[in-house]
Amino acid sequence: MNKVILMGRLTRDPEVSSSTSGTTVARYSIAVDRKFKREGDPDADFFNCTSFGKQAEFVERYLHKGTKVVVVGRVQNDNYTNKEGQKVYGTRIMVDEIEFAESKNASGQGGSFDSGSSQGSNGGNDFINVPEGLVEELPFT
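Residues numbered from 1 in each chain as written. Predicted model: local features only at pLDDT ≥ 70, side-chain atom pairs only at ≥ 80, totals over all residues. Heavy atoms only, no water.

S.K.: Explain the overall build of the protein chain to me, using residue names and the numbers behind them.
M.R.: The number of helices and strands found in the protein chain is one helix and eight strands. N-terminal to C-terminal, the α/β element order of the protein chain is β-β-β-β-α-β-β-β-β. Burial analysis of the protein chain (141 residues in total) assigns 29% to the buried set. Of the contacts formed within the protein chain by residues at least 6 apart in sequence, a portion of 51% connects residues at least 24 apart. As displayed, the protein chain has an accessible area near 9,800 Å², and 47% of this comes from carbon and sulfur atoms. (Helix = DSSP H or I, 4+ residues; strand = E, 2+ residues; numbered from the N terminus. Buried < 20%, exposed > 50% of the residue type's maximum accessible area, 1.4 Å probe, protein only. Contact = heavy atoms within 4.5 Å. Areas by Shrake-Rupley, 256 points an atom, 1.4 Å probe, with all protein chains shown as cover.)

S.K.: Could you give an account of the nonpolar core, naming the residues involved and the relevant values?
M.R.: In terms of nonpolar packing, the biggest core is built from 19 residues, with Tyr-28, Ile-30, Val-71 and Ile-98 touching the most fellow members. Secondary-structure elements contributing two or more residues to this core are strand E1 (4–10), strand E3 (24–33), helix H1 (53–62), strand E5 (68–77) and strand E8 (91–100). (Core = buried A, V, L, I, M, F, W, Y, C linked by side-chain atoms within 4.5 Å.)

S.K.: Can you break down the environment of Phe-47 residue by residue, with the values?
M.R.: For Phe-47, the location among the structural elements is in strand E4 (residues 44–52). C-alpha separation for the pair Phe-47 and Val-32, spaced 15 residues apart in sequence, amounts to 7.8 Å. Residues in contact with Phe-47, not counting those within four places in the same chain, are Leu-6, Tyr-28, Ser-29, Ile-30, Val-32 and Ile-93.

S.K.: Now, about the pairing of E1: what can you tell me, with residues and values included?
M.R.: Both E1 and E5 contribute to a ladder of six bridges, which runs antiparallel. Looking at the pairing, Ile-5 lines up with Val-72 of E5. Relative to E3, E1 runs antiparallel, the two sharing two bridges. Its bridge partner lying in E3, Leu-10 is registered against Ile-30. (Pairing = 2+ DSSP bridges.)

S.K.: Could you give an account of the side chain of Gln-55, naming the residues involved and the relevant values?
M.R.: Locating Gln-55 in the fold gives a position in helix H1. Engagement of the side chain of Gln-55 in a polar contact is seen with the backbone oxygen of Asp-96, the distance being 3.1 Å. (Polar contact = N/O pair within 3.5 Å; in protein donor to acceptor, adjacent residues only side chain to side chain.)

S.K.: Which residues make up the environment of Leu-10, and what are the values?
M.R.: With respect to the secondary-structure elements, Leu-10 resides in strand E1. Between the C-alpha atom of Leu-10 and that of Phe-47, which follows or precedes it by 37 residues, the distance is 9.6 Å.

As structure tokens, this is what we get:
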């Protein structure tokens, strides 16, 4: 089984592009605080993440440097040979799910939504006002 769940903050704004097939691709990195730290060790680990399709569009629209998120995905080798002919080893998180880990108020951005996810949610920012008299016709009130 290859599954990872991480919570951290974006270290920079996402880089979004389209693949040759037209699929939207978002690349970003998150800093995840270490629970236990030894003297001289870094305070956080940094993970490169990739999202595709509608999820990548969500990332492009709502996420920016400093946004705290929870990602669920799988670890994938990101090895390649550089221009000097040296083998470069790395890993990348291929994101299956992503959600906000704090409200806009908590991140100092103002606004009032609590969470959102790539599963068709828009972060709660696009509520519409229901006109007077229509409430009685709604099946779920």
